[in-house]
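For reference, the chains in residue letters:
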Amino acid sequence: MKKRDGREISAAVTPGESVTLIDVARVAGVAPMTVSRALHRPELVRSETQKKVMEAVRKTGYVPNMLAGGLASNRSRLVAILLPTIANSIFSDTVQSLMGVLSTAGYQTLLGLTAYSMKQEEALVEAILGRRPDGIVLAGTSHTKATNERLSNAKIPVVEIWDLTDKPIDMVVGFSHEQVGKAVASHLVDKGYRRFGFVSLDDPRGLRRFESFKRELATLGVEEPVVEILPAPATLQAGREGLSRILANANPEIVVCSSDTLAQGVLAEAASREMKVPKDIAVMGFGDLSTAAYVFPSLSTVRVDGARIGTETAEALLERLQELTLQGEGGRRARIDTGFEIIDRQST
């Protein structure tokens, strides 16, 4: 049993009693500096020592002050990830691979939701910067002027994901929404479709795909599609409502959706009306969710490699952080195009 100032330190922690790093060091039988390294720079400590320290942390109930530990090394080992939503699984592969790589490297992640609002994103960025993150990941490249300025001046690595731009804040990993819209329009016209509907969330990236889609249709001599813009989040109900609104005003051959979730709602509404897919109406989604291949009829869509986006983002962040540690400044800016693939299934 260890003692502090003549008092015993047991596995149980007395409520209100503050356990210090020195207490942990005494229980583990190592120097306080070793405890600090084990908690804040585990790569510098042998695995046997790391285990002893973590067991002592468990026994004493010590809560490490990760921020305080980061002040000395100018590192918090925290990365913030800001996404529009987790209401559907379109970002799940990206988040899982991103968090997995960062966790293996000893980084913790903080997730914030913007609800597709640039003002909400601005507020989150301001709050998160006060917690001294080592890096920030943002979905998309459209931000308020204040967010752009704040992040440009923050002097920390920033990665914009699920998008591409020639003028990123720092680094960007993703694909061109304009190229997606253009490729889908060309592909579907080649398949013989001429009357189009489009269902989208009020999402800047989805709307950019739609504008590119519409421009390509015009270039190919096809009439402008009927469009329904719906509030977030993407749900099956929203997809059903989108098709209902379109059919009240037009008779499209195919409905293109800004997400697979909306597209599955369109399929459900078509089934409720006893419309045969794709004979009476065809449907195209976006994202290639895990369910897309298994709904009936199986959903044609655009496949995006979300897992690769997450892995590339984490590796770009870690490389930049390593450069900052060794050189005191970042290296070249990363622009990584992960591409996309059009998947034809039964719904078209």
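Model, not experiment: these values are computed from the prediction.

A. Empty space enclosed by the protein, seen in detail. Using the criterion set out here, one finds 2 cavities of 30 Å³ or more in the structure. A volume near 150 Å³ is recorded for the largest cavity. Grouping the amino acids of the lining of the largest cavity by side-chain chemistry returns 7 nonpolar, 4 polar and 3 charged. The space that makes up the second largest cavity amounts to roughly 90 Å³. What lines the second largest cavity is a set of 13 residues, among which Val-180, Val-184, Phe-198, Arg-209 and Val-256 lie closest to the centre.

B. Quick peek at the pairing of strand β5 (residues 135-139). Burial analysis of β5 places 5 of its 5 residues in the buried class, the great majority of the element. The two faces of β5 match: Gly-135, Val-137 and Ala-139 on one face and Ile-136 and Leu-138 on the other face are all buried. Here 4 bridges tie strand β3 (residues 78-83) to β5, and the two strands are oriented parallel to one another. Looking across to β5, one finds that Ile-81 is bridged to Val-137. Pairing of β5 with strand β6 (residues 158-161), which is carried by 4 bridges, proceeds in the parallel orientation.

C. Seen up close, the pattern of salt bridges. Inspection of every chain in the model, using the stated rule, returns 20 salt bridges. With its nearest N and O atoms 2.9 Å apart, the salt bridge here joins Glu-126 to Arg-150. One end of the pair, Glu-126, is in helix α6 (residues 118-129); the other, Arg-150, is in helix α7 (residues 145-153), and 24 residues separate them in sequence. Arg-150 gets classed as partly exposed once you look at its relative accessible area, which sits at 36%. Put simply, Arg-273 and Glu-269 hold a salt bridge, and the shortest N to O gap is 2.8 Å. Given a relative accessible area of 40%, Arg-273 falls into the partly exposed group. Residue Glu-269 is classed as buried on the basis of its relative accessible area, which comes to 9%. Bridged by salt links that share partners, the residues Asp-288, Arg-303, Glu-341 and Arg-345 form one connected network.

D. Just the pairing of strand β10 (residues 254-257), in detail. Residues Ile-254 and Val-256 point to one face of β10 and Val-255 and Cys-257 to the other, with burial holding for every one of them. For the handedness criterion, the β-α-β arrangement of β10, helix α11 (residues 260-272) and strand β11 (residues 282-284) is classed as right-handed.

E. Local environment of the nonpolar core. Trp-162, Val-184, Leu-188, Phe-196, Phe-213, Val-256 and Phe-286 are the most contacted members of the largest nonpolar core, which has 44 residues in total. Those residues in contact with Val-256 that sit more than four places away from it in its chain are Val-184, Leu-188, Phe-196, Gly-197, Phe-198, Val-199, Phe-213 and Met-284. With 20 residues, the next largest nonpolar core counts Ala-234, Leu-243, Leu-262 and Leu-299 among its residues.

F. Expanded view of the packing of aromatic side chains. This model, assessed by the stated rule, comprises 6 aromatic pairs. With centroids separated by 4.7 Å and ring planes inclined at 50°, the aromatic side chains of Phe-198 and Phe-210 adopt a geometry described as tilted. Pair noted here: Phe-198 is in strand β8 (residues 196-201) and Phe-210 is in helix α9 (residues 204-219), with a separation of 12 residues, a long-range link. When sorted by exposure, Phe-198 lands in the same class as Phe-210, which is buried. With a centroid separation of 5.5 Å and 50° between ring planes, the pair formed by Phe-198 and Phe-213 is classed as tilted. Here Phe-198 is found in strand β8, whereas its partner Phe-213 is found in helix α9, with 15 residues between them in sequence. Positioned above the aromatic ring of Tyr-107 is the side chain of Arg-77, whose terminal nitrogen or guanidinium carbon lies 4.5 Å from the ring centre. Sitting over the ring of Phe-286, Arg-209 keeps its end group 3.7 Å from the ring centre.

G. Focus on the environment of Leu-78. Within the secondary structure, Leu-78 sits in strand β3. The sequence separation of Leu-78 and Ser-103 amounts to 25 residues, and the corresponding C-alpha distance is 10.0 Å. When sequence neighbours within four positions are dropped, the list of residues in contact with Leu-78 reads Tyr-107, Gln-108, Thr-109, Leu-110, Arg-131, Pro-133, Asp-134 and Gly-135.

H. Representation of the side chain of Glu-160 in the model. For Glu-160, the position within the fold is in strand β6. In this structure the side chain of Glu-160 is engaged in a polar contact, spanning 2.7 Å, whose partner is the side chain of His-143. Those residues within four positions of Glu-160 in sequence are excluded, and the remaining contacts are Leu-138, Gly-140, Thr-141, His-143, Pro-168, Ile-169, Asp-170, Met-171, Val-172 and Val-173.

I. Spatial organisation of unusual backbone geometry. Along the chain, Val-277 connects to Pro-278 via a cis peptide bond; the corresponding omega equals 10°. Topologically, Pro-278 is positioned in the loop between α11 and β11. Residue Arg-132 is not a glycine yet carries a positive backbone phi of 55°. Positionally, Arg-132 belongs in the loop between α6 and β5. A relative accessible area of 37% means that Arg-132 is categorised as partly exposed. In this structure, Glu-274 is a non-glycine residue whose phi angle is positive, near 60°. Note that Glu-274 resides in the loop between α11 and β11.

Conventions used here
- Residues numbered from 1 in each chain as written.
- Predicted model: local features only at pLDDT ≥ 70, side-chain atom pairs only at ≥ 80, totals over all residues.
- Heavy atoms only, no water.
- 1 Å grid on protein atoms, 1.4 Å probe; cavity = no way out; pocket = protein on both sides within 12 Å on 5 of 7 lines; lining within 4 Å.
- Points joined across faces, edges and corners; volume = space filled by probe spheres on them.
- Nonpolar A, V, L, I, M, F, W, Y, C, P; charged D, E, K, R; others polar.
- Buried < 20%, exposed > 50% of the residue type's maximum accessible area, 1.4 Å probe, protein only.
- Helix = DSSP H or I, 4+ residues; strand = E, 2+ residues; numbered from the N terminus.
- Pairing = 2+ DSSP bridges.
- Salt bridge = Lys/Arg side-chain N within 4 Å of Asp/Glu carboxyl O.
- Right-handed = clockwise from strand over helix to strand, strands pointing away.
- Core = buried A, V, L, I, M, F, W, Y, C linked by side-chain atoms within 4.5 Å.
- Contact = heavy atoms within 4.5 Å.
- Phe/Tyr/Trp six-rings, centres within 6.5 Å; stacked < 30°, edge-to-face > 60°.
- Lys NZ or Arg CZ within 6 Å of the ring centre and 35° of its normal.
- Polar contact = N/O pair within 3.5 Å; in protein donor to acceptor, adjacent residues only side chain to side chain.

Read these as geometric descriptors, not functional statements.
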